[in-house]
Every structure is written in C-alpha cells, then in structure tokens.
Amino acid sequence: GENVEQHPSTLSVQEGDSAVIKCTYSDSASNYFPWYKQELGKRPQLIIDIRSNVGEKKDQRIAVTLNKTAKHFSLHITETQPEDSAVYFCAASINSGYSTLTFGKGTMLLVSP
Amino acid sequence: SAVISQKPSRDICQRGTSLTIQCQVDSQVTMMFWYRQQPGQSLTLIATANQGSEATYESGFVIDKFPISRPNLTFSTLTVSNMSPEDSSIYLCSALGLAVQETQYFGPGTRLLVL
C-alpha cells in the first residue's frame, strides 16, 4: 500500500519567514495530493491540493509543488504569520481523491512574533 | 463543500461499554470515511462506509470492534464496542462530495475518553 513520509516533524520560524514542508510517497499510481491544516482541538481543514497533471499550484501565500519523477511534493508558506501556527498534514491517494487518503505523520509549525 | 456534523462531540465512557458516534452531512455525498486520531498523532483510516452494504475496513480494524452503518447518502454511524482505555482517541468522519474532483472534508471529531 501507499506510504507517505513527511519532514520535518516540527518547524519553528520567525514571523515573516518562509516555511517549507516536504513529503514523499511510494505508490507511483498516486495522483492526488492534498494538504490539511489542523489547529489545536479543531478538525483538519483542506488548505490546498494538487493533482498529478500540474507541477505547481499557488493560493496567495501558500503554494504546493509536485515532482512526480522523484515522488515528492512540498508545501511552501511565505510571509508566515502567527496564525499559521498549526499541525500540517500531507496526504496522497489514487483516483483523484475518490479513494482512501494516506496521511503523513504531520508537521507542527510554530511561527513566533 | 459539504457541512459535516458529529454527535457526540465528546464523551467519557467506562471500559466494556459501547459508544455510537453519528455523522451527518448536509448534502448527498459519494463516500464517507471514519478515521481515528490518537493524541499528537496523524489520522488513521478505520474504514470506508459504503451506502447500503458492509463497510470496507483497513488492516488492523475489524467489524466486530468498529461496526459501521450507512443507511443513506448523508448519514453514517461508527460504534466503538467493548471499549478499553486504548480506544481513547478522537474519531473523525469525512465525506467526499458528488462534484467532479471533489475532496475529503472532515467533521469536527468526537473526543472519547475510556476509563
């Protein structure tokens, strides 16, 4: 089955800096890669996703890149703010999301003012 | 995106008892899933709730321990049976909408403590 590795497990940055979280996946059939943000005590919220027919997607301060050959994808957050502090999970699935998601172990991002 | 609610939001239960968690979606969805998230951990898929048929369980999860129902396209239940303290966790449902290239959205979770 699919295996998703996520790094780093924790990331501390100063407000205004950029943050990068990286994930690798094992199943070359995977073609859908969402990112979720989970604040303490809250549900995971989808923040951005990418499908294998594109290499990069951007939404304001958030971007995701995908390298299918290397089987890795990354989340980039620019101009970080304290409210970006949360746990971020990457995930992968086949069939454009119409199948089960395999999650990475999560990255705790702490943005200090 | 669909709006997903869960009941109860939290509960404290005695070992050996069972708890049924409800998940309600405000619109018809194609697929519903149940996850477990232990404190400080990632999300682990328990099963896919299939409408009108038996759920599809992931490795390590069995129907006798986690019976699931999905009587229609907007509602599902997960029962945690014969609970032990190791079952203390957050249980989340998620749903996949009917739109093309839809994605999974999560309910608020049920925080379960077993004493």
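Up top is the structure these notes are about.
The rules we used
- Residues numbered from 1 in each chain as written.
- Chains lettered and ligands numbered in written order.
- Predicted model: local features only at pLDDT ≥ 70, side-chain atom pairs only at ≥ 80, totals over all residues.
- Heavy atoms only, no water.
- Disulfide = S-S within 2.5 Å.
- Helix = DSSP H or I, 4+ residues; strand = E, 2+ residues; numbered from the N terminus.
- Buried < 20%, exposed > 50% of the residue type's maximum accessible area, 1.4 Å probe, protein only.
- Pairing = 2+ DSSP bridges.
- Axes fitted to C-alpha atoms, helices over the stretch in contact; angles between N-to-C directions.
- Contact = heavy atoms within 4.5 Å.
- Phe/Tyr/Trp six-rings, centres within 6.5 Å; stacked < 30°, edge-to-face > 60°.

Asker: Help me understand the state of the cysteines, please; the structure alone is not making it clear to me.
Answerer: The bond known as a disulfide is covalent and runs between the sulfur atoms of two cysteines. Residue and element names in this part refer to chain B. All told, the structure shown has two disulfides over all chains when counted by the stated rule. The side chain of Cys 23 participates in a disulfide bridge whose partner is Cys 93; the two sulfur atoms lie 2.0 Å from each other. On the sign convention where negative means left-handed, the S-S torsion of about 70° between Cys 23 and Cys 93 marks this disulfide as right-handed. With a gap of 70 residues between them, Cys 23 in strand S3 (residues 19–25) and Cys 93 in strand S9 (residues 89–97) connect regions that are remote in the sequence. The burial state of Cys 23 is the same as that of Cys 93; both residues are buried. In this structure Cys 13 is a free cysteine whose sulfur lies 17 Å from that of Cys 93, the closest cysteine sulfur available. Under the relative-accessibility criterion, Cys 13 is labelled buried at 8%.

Asker: Is there a simple way to think about the sheet that holds strand S8 (residues 75–80) of chain B in this case?
Answerer: Pairing between the strands of a sheet comes from backbone hydrogen bonds, and it takes one of two forms, parallel or antiparallel. Residues and elements named next belong to chain B. The strand order S1-S3-S8-S7 describes an open sheet built from four strands, whose pairing is antiparallel. Whereas interior strands pair on both sides, the edge strands pair on one side only; in this sheet they are strand S1 (4–7) and strand S7 (68–72). Across the sheet, the mean angle separating the axes of adjacent strands is 15° when strand polarity is ignored. For S1 and S3, the ladder comprises four bridges, and the chain directions are antiparallel. Its bridge partner being in S3, Ile 4 is matched across the sheet by Val 25.

Asker: I would appreciate a short explanation of the environment of Gln 81 of chain A in the present structure.
Answerer: Residues and elements named next belong to chain A. Examined against the element boundaries, Gln 81 turns out to sit in the loop between strand S8 (72–77) and strand S9 (86–92). Gln 81 gets classed as partly exposed once you look at its relative accessible area, which sits at 27%. For the pair Gln 81 and Glu 15, spaced 66 residues apart in sequence, the C-alpha to C-alpha distance is 5.2 Å. Beyond its immediate chain neighbours, meaning those up to four positions away, Gln 81 contacts Glu 15, Arg 61 and Val 111.

Asker: Would you mind going over the packing of aromatic side chains with me for this structure?
Answerer: Both the distance between ring centres and the angle between the ring planes are used here to describe each pair of aromatic rings. By the definition in use, this model includes twelve aromatic pairs over all chains. A ring pair is formed by Phe 33 of chain A and Phe 73 of chain A, whose centres lie 4.8 Å apart and whose planes are at 45°; its orientation type is tilted. With a gap of 40 residues between them, Phe 33 of chain A in strand S4 (residues 32–38) and Phe 73 of chain A in strand S8 connect regions that are remote in the sequence. This pair shows no difference in class: Phe 33 of chain A is buried, exactly as Phe 73 of chain A is. Linked through ring pairs, Tyr 36, Phe 89 and Phe 103 of chain A together with Tyr 35 and Phe 106 of chain B together constitute an aromatic cluster.

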